[in-house]
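Chain by chain, the residues run as shown.
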Amino acid sequence: MAFNTLPREIFQHIISCQAPGLENLRNYSLVCRDFGEVARAALWKDIDLTFDERGDEDANEKTERRQVQLLTSIALNPDIGAHVRTFKNFHLRGIEYVLDATTRRGLAKPEMLMKVAQTMKCLIKASFTENPLAIEVVTNLPSYSRLTELSITGINPEEHFWSSALTALKRLHWAAPNLHGDQRSHAQTAEFLIKVVQSTCPDLESLDISFGHIAGFVSECTASSVVQYENIETPNSPALTKLRHLGLTYQNAYDDEQGELEALILNFASRYSATLESVSLPIKDGTMTRETATFVLETCAALPYLTELSLVETNCTREGEQGITGLEFLMELTSALASPTREIERLSITNIKEHYSPDIGRLFASWKSINFLRLGDADMSTGPYANHGKLDFTSYRPEILGFITALPQSLQELYLEINGPDLFVDEDDDFDPICDLSFTIFYSLEKLHTCDIHAWISNIDGGLGSIPEKAVFYRRLPLSTYLVEIPFKEIWMSRMDRIYQGSDPKVTKSVQVIKGHFEGEDAEGVWLGGYTNKGIEDEEEEEEDYSWPRVDVGVKEVEKEVVVDPDMEGFVLLAGVETKSVCGQRIEPKAFT
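Residues numbered from 1 in each chain as written. Predicted model: local features only at pLDDT ≥ 70, side-chain atom pairs only at ≥ 80, totals over all residues. Heavy atoms only, no water.

## Describing the overall build of the protein chain
Along its length, the protein chain carries 16 helices and 23 strands. Split into buried and exposed, the 593 residues of the protein chain put 50% on the buried side. Carbon and sulfur atoms form 50% of the exposed surface of the protein chain, whose accessible area is close to 27400 Å². (Helix = DSSP H or I, 4+ residues; strand = E, 2+ residues; numbered from the N terminus. Buried < 20%, exposed > 50% of the residue type's maximum accessible area, 1.4 Å probe, protein only. Areas by Shrake-Rupley, 256 points an atom, 1.4 Å probe, with all protein chains shown as cover.)

Encoded structure:
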């Protein structure tokens, strides 16, 4: 068979088996016409405008110029736009001014951005911030017949939305802004969005609506533009027959709005009780209240097929409510949801209003169906482990370990957050007590393959960043060397230490081998693929170019040696520490899930 008569799928498979990277794809595109077509499709398939913000004006200017060049190429070449399947805007969480070229008032003109949107008609997945490109897609959504997953941040849904025609959406996450001068409540905005998707998204499986910190202003056209949906009557039967997840959360809301949102959630849960399997619910800031506990338990009781529950803390309190302890709330929650008649597998609570302890861990012990647990503890700033403004990890360690070892054997993934926004540590060594837990944790929980502990604390320069100040990431993996027939597992630990809230954290990794009884699946891999970084300590390193796009350079293998651990009978330690700095691997908040 002649080379140029091979099916296109053969070329696609050949390229997919090669080393990834933009440079390699560019090389493949020069081999021949057939390779070129396949390589160009791969080159333009995924557009991600995420960049490494380090306050470098020169790098940021270079980033904007390059991003505008890329967007201009798409706008001027419809054939290129037809290759794009995913598109992602960039907005650094918590820093309003860090935006990509589509949002900056600079080189990217609105007309050009609208043209980019018009050429990308084969989009499958998109994540947008407020910009002309995003608005063009959103207002013409029915014409994007392949777009099934859409995330929107900072766009007012009552100002920019699509006509009452069917869309292909299966997953929608809309983070609406808090609008100055808005006369409509969060509940009214949420009800409007629900009407829109009930009318136009018959295949919707997941709906998330949130009201965050992003601010904006009401447009004069808002009142008249919503009429086409305002007059639609709620259908007698649930319109979203495939809906499996609902999330409705907020950061700030008036007392009346909080009550309206809770009523809306309860009504929606009752209406879609036959299909909903997952919900994300708001809980109050500060002290847990009887009213919040009742709302959560009533919502769960309305959903007989619930398998996933997420409780997201707001910045709101409500006067006149009856306070209860976090322990009392967790006792009621676990008693109701750990029942043999329930099959809840995943639980997330951003703030359990208590510190980790064996007593808290034992509340989950009877929860035989749970396999995923993500928790945040109470603010440590005034807690028992705050020592003159510093977080005493040495004293907190036995409580954390006692909490973990009391958890049920069904657990496969565990993510713990330590919250101390007003606390700091002097040295990286202060976090060492949390970085030597792997033997006890994985020996105690036979199915556990992932355990992360993140310390959201300050440093002496003050303030929280978009990633934790300290973090450790444990992963259980199959043995990669010898002793294959013996029940050994590799436990990889990645450790991250930020330096004065810097953007370039120090990341190391090490591996240990333990012998024991293990069950279930192992983790997919080492955290972030084994990423390591020397951080900003080494002043002799050549200054890097952090402009977009960054290029990954790979990871060096860890050198291993076998030694016996004298403290753990029956265990073998396979030790090695990675020291090579790896450039180009961006650490984002998503990396902590």
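## A look at the packing of helix 6 (residues 110–119) against helix 7 (residues 132–139)
It is at 7 Å that the axes of helix 6 and helix 7 come closest, and there the two elements cross at 40°. Between helix 6 and helix 7, the crossing angle belongs to the class labelled oblique. Crossing hand, helix 6 versus helix 7: right-handed. For the pair formed by helix 6 and helix 7, the contact residues are Pro110, Leu113, Met114, Val116, Ala117 and Gln118 on the first element and Pro132, Leu133, Glu136 and Val137 on the second. Across the contact of helix 6 with helix 7, the residue classes tally to eight nonpolar, one polar and one charged. (Axes fitted to C-alpha atoms, helices over the stretch in contact; angles between N-to-C directions. Parallel < 35°, antiparallel > 145°, perpendicular 65-115°, else oblique. Left-handed = near helix turned anticlockwise from the far one by under 90°. Contact = heavy atoms within 4.5 Å. Nonpolar A, V, L, I, M, F, W, Y, C, P; charged D, E, K, R; others polar.)

## Comments concerning the packing of aromatic side chains
Counted under the stated rule, the structure contains 14 aromatic pairs. Relative to tryptophan 367, the ring of phenylalanine 364 lies with its centre 6.1 Å away and its plane at 10°, an arrangement referred to as stacked. The buried category is assigned to tryptophan 367, whose relative accessible area is 0%. Through successive ring pairs, a cluster of aromatic residues spans Tyr356, Phe364, Trp367, Tyr385, Tyr396 and Phe403. Over the ring of tyrosine 144 we find lysine 121; its NZ or CZ atom is 4.1 Å from the centre of that ring. Taking the ring centre of tyrosine 415 as reference, the NZ or CZ of arginine 374 above it sits at 5.1 Å. (Phe/Tyr/Trp six-rings, centres within 6.5 Å; stacked < 30°, edge-to-face > 60°. Lys NZ or Arg CZ within 6 Å of the ring centre and 35° of its normal.)

## Let's talk about the environment of glycine 154
By the secondary structure assignment, glycine 154 is in the loop between strand 4 (149–153) and strand 5 (171–180). Sequence-wise, glycine 154 and phenylalanine 128 are 26 residues apart; in three dimensions their C-alpha atoms are separated by 8.7 Å.

## A look at the pairing of strand 10 (residues 308–313)
Sheet topology note: the strand 8 (residues 278–283)/strand 10 ladder contains six bridges and is parallel. Counted as the bridge partner of serine 278 is glutamate 308 from strand 10. In the sheet, strand 10 pairs with strand 12 (residues 346–349) via four bridges, with the strands oriented parallel. Bridge pairing in strand 12 places leucine 311 opposite isoleucine 349. (Pairing = 2+ DSSP bridges.)

## Some points on the environment of proline 238
Relative to the helices and strands, proline 238 is located in the loop between helix 10 (227–230) and strand 7 (245–250). For the pair formed by proline 238 and phenylalanine 268, sequence separation is 30 residues and the distance between their alpha carbons is 9.5 Å. Ignoring sequence-local partners within four residues, the contact set of proline 238 consists of Arg271 and Tyr272.

## Some words on the packing of helix 11 (residues 255–271) against helix 12 (residues 290–301)
Orientation of helix 11 relative to helix 12, taken along the N-to-C sense of each, is 15°, at an axis distance of 9 Å. Between helix 11 and helix 12, the crossing angle belongs to the class labelled roughly parallel. The interaxial crossing formed by helix 11 with helix 12 has left-handed handedness. For the pair helix 11 and helix 12, the contacting residues are Glu262, Ile265, Leu266 and Ala269 in the first and Phe295, Glu298 and Thr299 in the second.

## Things to note about the nonpolar core
Leu133, Leu172, Phe364 and Ile453 are the most contacted members of the largest nonpolar core, which totals 131 residues. With seven residues, the single largest contributor to this core is helix 8 (residues 186–200). The next biggest cluster of nonpolar side chains, apart from the first, holds seven residues, and it includes Ile467, Ala471, Phe473 and Val507. (Core = buried A, V, L, I, M, F, W, Y, C linked by side-chain atoms within 4.5 Å.)

## Quick notes on a negative patch on the surface
On the surface, a cluster of negative charge is contributed by Glu191, Asp255, Asp256, Glu260 and Glu319. Sorting elements by how many residues they give to the negative patch places helix 11 first, with three residues. Secondary-structure assignment places glutamate 319 in the loop between strand 10 and strand 11 (323–324). (Patch = residues over 30% accessible without salt bridge, like charges linked within 9 Å, V, L, I, M, F, W, Y side chains within 5 Å. Salt bridge = Lys/Arg side-chain N within 4 Å of Asp/Glu carboxyl O. Lys, Arg positive; Asp, Glu negative; His and termini not counted. Charge placed at Lys NZ, Arg CZ, Asp CG, Glu CD.)

## Quick word on the environment of proline 408
Mapped onto the elements of the fold, proline 408 is located in the loop between helix 15 (393–405) and strand 16 (413–420). Relative accessible area serves as the criterion here: at 4%, proline 408 is assigned to the buried category. In this structure the C-alpha to C-alpha distance between proline 408 and glycine 361, which are 47 residues apart in sequence, comes to 8.7 Å. Contacts of proline 408, omitting those with residues within four sequence positions, involve Phe364, Ala365, Trp367, Ile370 and Leu445.

## Concerning the confidence of the model for the protein chain
Put simply, the protein chain has an average pLDDT of 81, and 75% of its residues get 70 or more. In this model, residues 216–224 is a region of pLDDT below 50 whose contacts with residues beyond four sequence positions or in other chains number 16 contacts. Here residues 552–593 is a poorly scored stretch, pLDDT under 50, and it has 117 contacts once near neighbours within four places are set aside; other chains count. (pLDDT = per-residue confidence, 0-100.)

## Some words on the pattern of salt bridges
Per the counting criterion, the structure on display carries 17 salt bridges. With its nearest N and O atoms 2.8 Å apart, the salt bridge here joins lysine 284 to glutamate 262. Highlighted residues: lysine 284 in the loop between strand 8 and strand 9 (288–289) and glutamate 262 in helix 11, separated in sequence by 22 residues. Classification of lysine 284 as buried rests on a relative accessible area of 2%. According to the relative accessible area criterion, glutamate 262 is buried, its value standing at 10%. For aspartate 428, the salt bridge identified is with lysine 470, shortest N-O distance 2.4 Å. Linking aspartate 428 in the loop between strand 16 and helix 16 (438–444) with lysine 470 in strand 18 (residues 470–478), this pair joins segments that are 42 residues apart in sequence. For the pair aspartate 428 and lysine 470, a shared accessibility class is recorded, and that class is buried. What emerges from the salt-bridge pattern is a single network uniting Asp428, Asp432, Lys470, Arg495 and Asp497.

## Remarks on unusual backbone geometry
The phi dihedral of lysine 353 is positive, around 65°, even though this residue is not glycine. By the element assignment, lysine 353 lies in the loop between strand 12 and helix 14 (358–363). Given a relative accessible area of 13%, lysine 353 falls into the buried group. The backbone of histidine 388 sits at a positive phi, close to 55°, despite the residue not being glycine. With respect to the helices and strands, histidine 388 occurs in the loop between strand 14 (386–387) and strand 15 (390–391).

## With respect to helix 12
Spanning twelve residues, helix 12 covers 16 Å between terminal C-alpha atoms, matching the ideal 16 Å at 1.5 Å per step. Of the positions making up helix 12, those classed as buried are Thr292, Ala293, Phe295, Val296, Thr299 and Cys300. All buried residues of helix 12 lie within an arc of 160° about the axis, which places them on one face of the element. Against the buried residues of helix 12 lie helix 11, strand 8, strand 9, strand 10, strand 11 and helix 13 (326–337). (Expected span 1.5 Å × (residues − 1). Arc of directions from axis to C-beta.)

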